[in-house]
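Descriptive structure summary
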Amino acid sequence: MDDNQASWTPVIRKGDGPVYLAIADALSADIVSGRLAGGFRLPPQRALADALGIDFTTVSRAYAEARKRGLIDGRVGQGTYVGSATERGTGFSTGLVDMSMNLPPRFEDAGLVARMWDRIADLRADDGLGLLLRYQEAGGTARDRAAGARWLSPRLGAIPAERLLVCPGAQGALLALAGVLAGPGETICVEALTYPGFRSLAAHLRINLVGVQIDEHGLIPEAFEAVCAEHRPKALYCTPTLHNPTTATLPLGRREALIEIARRHQVPIIEDDAYGALPADAVPPLAALAPDLVYHVAGLAKCLSPALRIAYLVPPDGRSAARVASAIRATASMASPLTAAIATRWIEEGTADAVLAAIREESRRRQAIAAAILPPGFGQADPQGFHAWLRLAGPWTRGEFTARLRSAGIGVVASDAFAIASPPEAVRLGLGAAANEDDLRDSLRIVADLLSQSPAMSSMVV
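Below is a summary of the structure that appears in this document. Since we're looking at a predicted model, the values are computed, not measured. (Residues numbered from 1 in each chain as written. Predicted model: local features only at pLDDT ≥ 70, side-chain atom pairs only at ≥ 80, totals over all residues. Heavy atoms only, no water.)

**Considering the overall build of the protein**
- On a plain count of helices and strands, the protein comes out with 16 helices and 16 strands.
- A globule of 462 residues ought to have a C-alpha radius of gyration of about 23 Å, and the protein, at 25 Å, matches this closely.
- Taking the principal axes of its C-alpha atoms as reference, the protein extends roughly 75 × 55 × 35 Å.
- Burial status across the protein gives 54% buried among its 462 residues.
- In the structure as shown, the protein presents an accessible area of about 19600 Å², 53% of it carried by carbon and sulfur atoms. (Helix = DSSP H or I, 4+ residues; strand = E, 2+ residues; numbered from the N terminus. Rg over C-alpha atoms; globule rule 2.2 N^0.38 Å. Buried < 20%, exposed > 50% of the residue type's maximum accessible area, 1.4 Å probe, protein only. Areas by Shrake-Rupley, 256 points an atom, 1.4 Å probe, with all protein chains shown as cover.)

The following block contains the structure:
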């Protein structure tokens, strides 16, 4: 393609409104007039910003808006092109991304997607109306429990199916567990940065949370022992694998030390293994190292589908399982028989393994995109997860950075949502929220560009 094709410069007049919209409108007008034909290569974003005398962020927003309208198409390693008439009629990209939700990334495998839906359709033939018009035990049917035990076996080994409970999502499992292990006014210790959902349920149950110091490797055993001695907690809640939000995975030595301390102080452990299925070579879960001490919660939202709202809970023994099943019955009645049956069918027929493999691969690709776009040493990430922890250097504060991104159409989560006390200057980025990799690149480029500027230089007011 002729290099002259990249020389387009829009005509922007005062009074046209926000500059990024004016650029997108000018692009649309030039396409309608015939000045720009399908396949025309547009100038790189930074080159256009220089030509117009505006900041890179504004041009990024303009290109994202044009992509949202179906006007342009980004080709990896080749640039940005005006779409064909057919492409413009079917554009569906959302452009910039709300990265505040930590969702598993969408993978591009039409055959696997069809297989997922086919297995759901099979339930109608096998179970028919009976599946829709029944209640079931609070801990799930024998078949659903057996499927859960099979799913967890690569990480936990052989599990008696009767000890496993099928729960209405990880939040339902955690709510039941917290209510069983601690009462109002009592204490559960957690990582200094912890899952916001656990903070919410603890507040609802009037349970006190005490933070345990963490570092880049996760929870610090010596800090946990100090908390045990001072506060005599009823339990420890933690996410040792791909910690949310920092992505840290607790090394084996620390896991063993943690277990030894918990035994001495008689503190049961609630292990939230939301991301445990993602690493192909994961460190053994706490429940595999100390099955008599650990309540293991393995949700399917991050490794298969958030829509299922199914989690598997493995208590230390049958007596504990009965108590937790009673709590599930009191708080949520049961897990949905329909979504539990979907999960079971996917696991039994191998669909779940294929979906997990696809999510792992897409997560790896998106982490590579983030590593290429964000500045070196930006914070913490793991190539096997799908979120990143972005540490902010002065003069940026988390509040100002989050607000500036929000004004650009990008959502992130500030550390306040996770912190028990003294939030650090950091935000979490959910890399799986983007509908496609182009949208992720557009959003991350704006994040990176903002990081390279001072707050005073990066005003979005135009």
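Once the structure has been displayed, the description carries forward.
**Examining the state of the cysteines**
- One pass over the structure, following the stated rule, counts 0 disulfides.
- The closest cysteine sulfur to the non-disulfide-bonded Cys167 is located on Cys303, 14 Å from its own sulfur.
- Using a relative accessible area of 0% as the deciding quantity, one classes Cys167 as buried. (Disulfide = S-S within 2.5 Å.)

**Considering the packing of aromatic side chains**
- Under the definition given, this model contains 4 aromatic pairs.
- Seen in terms of ring centroids, Trp396 and Phe401 are 5.3 Å apart; in terms of plane orientation they differ by 80°. Their pairing is edge-to-face. Residues Trp396 and Phe401 agree in their burial class; the two are buried.
- Above the face of the Phe56 ring, Arg46 is positioned so that its terminal group lies 4.4 Å from the ring centre.
- We note Arg61 situated over the ring of Tyr20; from NZ or CZ to the ring centre the distance is 3.8 Å. (Phe/Tyr/Trp six-rings, centres within 6.5 Å; stacked < 30°, edge-to-face > 60°. Lys NZ or Arg CZ within 6 Å of the ring centre and 35° of its normal.)

**Examining the sheet that holds strand E9 (residues 235-238)**
- Strand order in the open sheet made by the 7 strands is E4-E12-E11-E10-E9-E5-E6, with mixed pairing throughout. Bordering the open sheet on either side are strand E4 (165-167) and strand E6 (208-212), each of which pairs with just one other strand. Here the strands of the sheet are splayed against their neighbours by 25° on average, with no regard to which way each runs.
- Relative to E9, strand E5 (residues 187-191) runs parallel, the two sharing 3 bridges. Bridge pairing in E9 links Ile188 to Ala235. (Pairing = 2+ DSSP bridges. Axes fitted to C-alpha atoms, helices over the stretch in contact; angles between N-to-C directions.)

**What to know about the nonpolar core**
- Ranked by size, the top nonpolar core spans 69 residues in total, and within it Trp151, Leu152, Leu219, Phe224, Leu236, Leu300 and Tyr312 carry the most contacts.
- Looking at this core element by element, the count peaks at 6 residues for helix H13 (residues 337-348).
- Each residue touching Leu300, except ones within four places of it in the same chain, is listed here: Trp151, Ser305, Leu308, Ile310, Tyr312 and Ala343.
- Among the nonpolar cores identified, the runner-up in size contains 29 residues, and Val180, Val190, Leu201 and Val297 belong to it. (Core = buried A, V, L, I, M, F, W, Y, C linked by side-chain atoms within 4.5 Å. Contact = heavy atoms within 4.5 Å.)

**What about unusual backbone geometry?**
- Residue Asn244 is joined to Pro245 through a cis peptide bond whose omega torsion reads 20°.
- As for its position among the elements, Pro245 is in the loop between E9 and helix H10 (252-265).
- For Arg232, which is not a glycine, the phi torsion comes out positive at approximately 50°.
- Inspection of the secondary structure puts Arg232 in the loop between helix H9 (221-231) and E9.
- Residue classification places Arg232 among the exposed positions, given a relative accessible area of 70%.
- In this structure, Leu242 is a non-glycine residue whose phi angle is positive, near 50°.
- When you line up the elements, Leu242 lands in the loop between E9 and H10.
- A relative accessible area of 1% places Leu242 in the buried class.

**Some remarks on the pattern of salt bridges**
- Tallied over the full model, the rule gives 24 salt bridges.
- Put simply, Arg345 and Asp126 hold a salt bridge, and the shortest N to O gap is 2.6 Å. Remark: Asp126 occurs in helix H5 (residues 110-132) and Arg345 occurs in helix H13; sequence separation between them is 219 residues.
- Note that Arg364 is salt-bridged to Glu361, the shortest N-O span being 2.6 Å. Residue Arg364 and its partner Glu361 are located together in helix H14 (residues 351-373), separated by 3 residues, close to a single helical turn.
- Exposure remark for Glu361: the relative accessible area of 36% places this residue in the partly exposed category. (Salt bridge = Lys/Arg side-chain N within 4 Å of Asp/Glu carboxyl O.)

**So, the environment of Ala277**
- Along the chain, the position of Ala277 falls in the loop between strand E10 (269-272) and helix H11 (286-289).
- In this structure Ala277 comes out as buried when scored by relative accessible area, which is 4%.
- Separated by 27 residues in sequence, Ala277 and Leu304 have C-alpha atoms that sit 9.5 Å apart.
- If near-sequence neighbours (up to four positions away) are discounted, Ala277 is found in contact with Arg155, Cys303, Leu356 and Arg360.

**Some points on the packing of helix H2 (residues 45-52) against helix H3 (residues 56-68)**
- Contact geometry of H2 with H3 gives a least axis separation of 8 Å together with a crossing angle of 120°. Taken together, the axes of H2 and H3 are oblique relative to one another. Once H2 is placed against H3, the crossing between them reads as right-handed. Where H2 approaches H3, its residues Gln45, Arg46, Leu48 and Ala49 are matched on the opposing element by Phe56, Val59, Ser60 and Tyr63.
- Residues of the contact of H2 with H3, tallied by class, amount to 5 nonpolar, 2 polar and 1 charged. (Parallel < 35°, antiparallel > 145°, perpendicular 65-115°, else oblique. Left-handed = near helix turned anticlockwise from the far one by under 90°. Nonpolar A, V, L, I, M, F, W, Y, C, P; charged D, E, K, R; others polar.)

**A few points about helix H8 (residues 196-205)**
- Of all the residues in H8, the buried ones are Gly197, Phe198, Leu201 and Ala202. Axial view of H8: buried residues confined to an arc of 135°, hence all on one face.
- Where the residues of H8 are buried, they touch helix H7 (169-181), E5, E6 and E9.
- Following H8 by one or two positions, Arg206 adopts a phi angle in the positive range, close to 60°. (Arc of directions from axis to C-beta.)

All quantities given are derived from atomic positions and should not be read as evidence of function.
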